[in-house]
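# A closer look at the structure
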Amino acid sequence: TQLLEQSPQFLSIQEGENLTVYCNSSSVFSSLQWYRQEPGEGPVLLVTVVTGGEVKKLKRLTFQFGDARKDSSLHITAAQPGDTGLYLCAGADRGSTLGRLYFGRGTQLTVWP
Amino acid sequence: KAGVTQTPRYLIKTRGQQVTLSCSPISGHRSVSWYQQTPGQGLQFLFEYFSETQRNKGNFPGRFSGRQFSNSRSEMNVSTLELGDSALYLCASSLSVLETQYFGPGTRLLVL
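Description of the structure in this document. (Residues numbered from 1 in each chain as written. Chains lettered and ligands numbered in written order. Predicted model: local features only at pLDDT ≥ 70, side-chain atom pairs only at ≥ 80, totals over all residues. Heavy atoms only, no water.)

Further remarks concern the interface of chain A and chain B. Residue-level contacts link 22 residues of chain A with 25 residues of chain B. With both chains or domains summed, chain A and chain B bury close to 1700 Å², and 52% of this area falls on carbon and sulfur atoms. For A:E41, the salt bridge is made with B:R9, and the minimal N-O distance between the two is 3.6 Å. Joining chain A to chain B, the criterion identifies seven residue pairs in polar contact (both at pLDDT 80 or more). When residues of the side of chain A that touches chain B are traced back to their parent elements, those giving at least two are β4 (31-37), β5 (44-49), β9 (85-92) and β10 (101-103) of chain A. Among the elements that line the side of chain A that touches chain B, the one with the most residues is β4(A), at three residues. Looking at side-chain class alone, the side of chain A that touches chain B contains eight nonpolar, nine polar and five charged residues. (Contact = heavy atoms within 4.5 Å. Buried area = accessible area lost by both parts, 1.4 Å probe. Salt bridge = Lys/Arg side-chain N within 4 Å of Asp/Glu carboxyl O. Polar contact = N/O pair within 3.5 Å; in protein donor to acceptor, adjacent residues only side chain to side chain. Helix = DSSP H or I, 4+ residues; strand = E, 2+ residues; numbered from the N terminus. Nonpolar A, V, L, I, M, F, W, Y, C, P; charged D, E, K, R; others polar.)

Set out below in structure tokens:
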């Protein structure tokens, strides 16, 4: 069962444009992580959000956790070619599946110079 | 501090063979999780170990097994390989069960 839905699945934009990636679920998560993955490599952690309504900024990247802790978004301002990669959201819960991350399918971002 | 390391990085096997993949977590991390990544299914959880005990298991057949050693290093084994087992196998470590997971570079397995 795919608990986290990411959209869009693919995004191809020009350098300098802004974009938003969404991660939605009907389940409540205790925390949500965003990762970026490049071909042939493991996902690299970008941020962890824990509190409903929380907003975190990482240079040109802004992450938001929904008030109900069911959804999250990633906004990139003035995208650069170095932002190209697969962006993955992953949720964790404190229930019976402690220690397990539920991943979205990912958003493949390509930024053209 | 060194990151998560996985060996080997690449592996080619034939159907019916078995394979063992190794993962060394970040120093001090006691929880290790394994994931399978394929283009069609994305990242799928295999299992999670903490203090040498399997605490969580995903929906994979019994051909997939794992273990964790006292130094927190982990191995996963796949027996009777099938073509569909071709994937990137990722290991992630965390301080404990609820902490953020950090991923290794993965082992790319190709089954012919």
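After that view of the structure, there is still more to cover.
What follows covers the packing of aromatic side chains. Counting across every chain of the model gives ten aromatic pairs over all chains. For the ring pair A:F103 and B:Y35, a centre distance of 5.5 Å and an interplane angle of 85° mean the geometry is edge-to-face. Note that A:F103 is positioned in strand β10 and B:Y35 in strand β4 (residues 31-38), a pairing that runs across two chains. Classification of A:F103 as buried rests on a relative accessible area of 5%. Given a relative accessible area of 0%, B:Y35 falls into the buried group. Aromatic ring contacts, followed pair by pair, group A:Y35, A:F103, B:Y35, B:F45 and B:F103 into a single cluster. (Phe/Tyr/Trp six-rings, centres within 6.5 Å; stacked < 30°, edge-to-face > 60°. Buried < 20%, exposed > 50% of the residue type's maximum accessible area, 1.4 Å probe, protein only.)

Take it as geometry only, folks, not as evidence of what the structure does.
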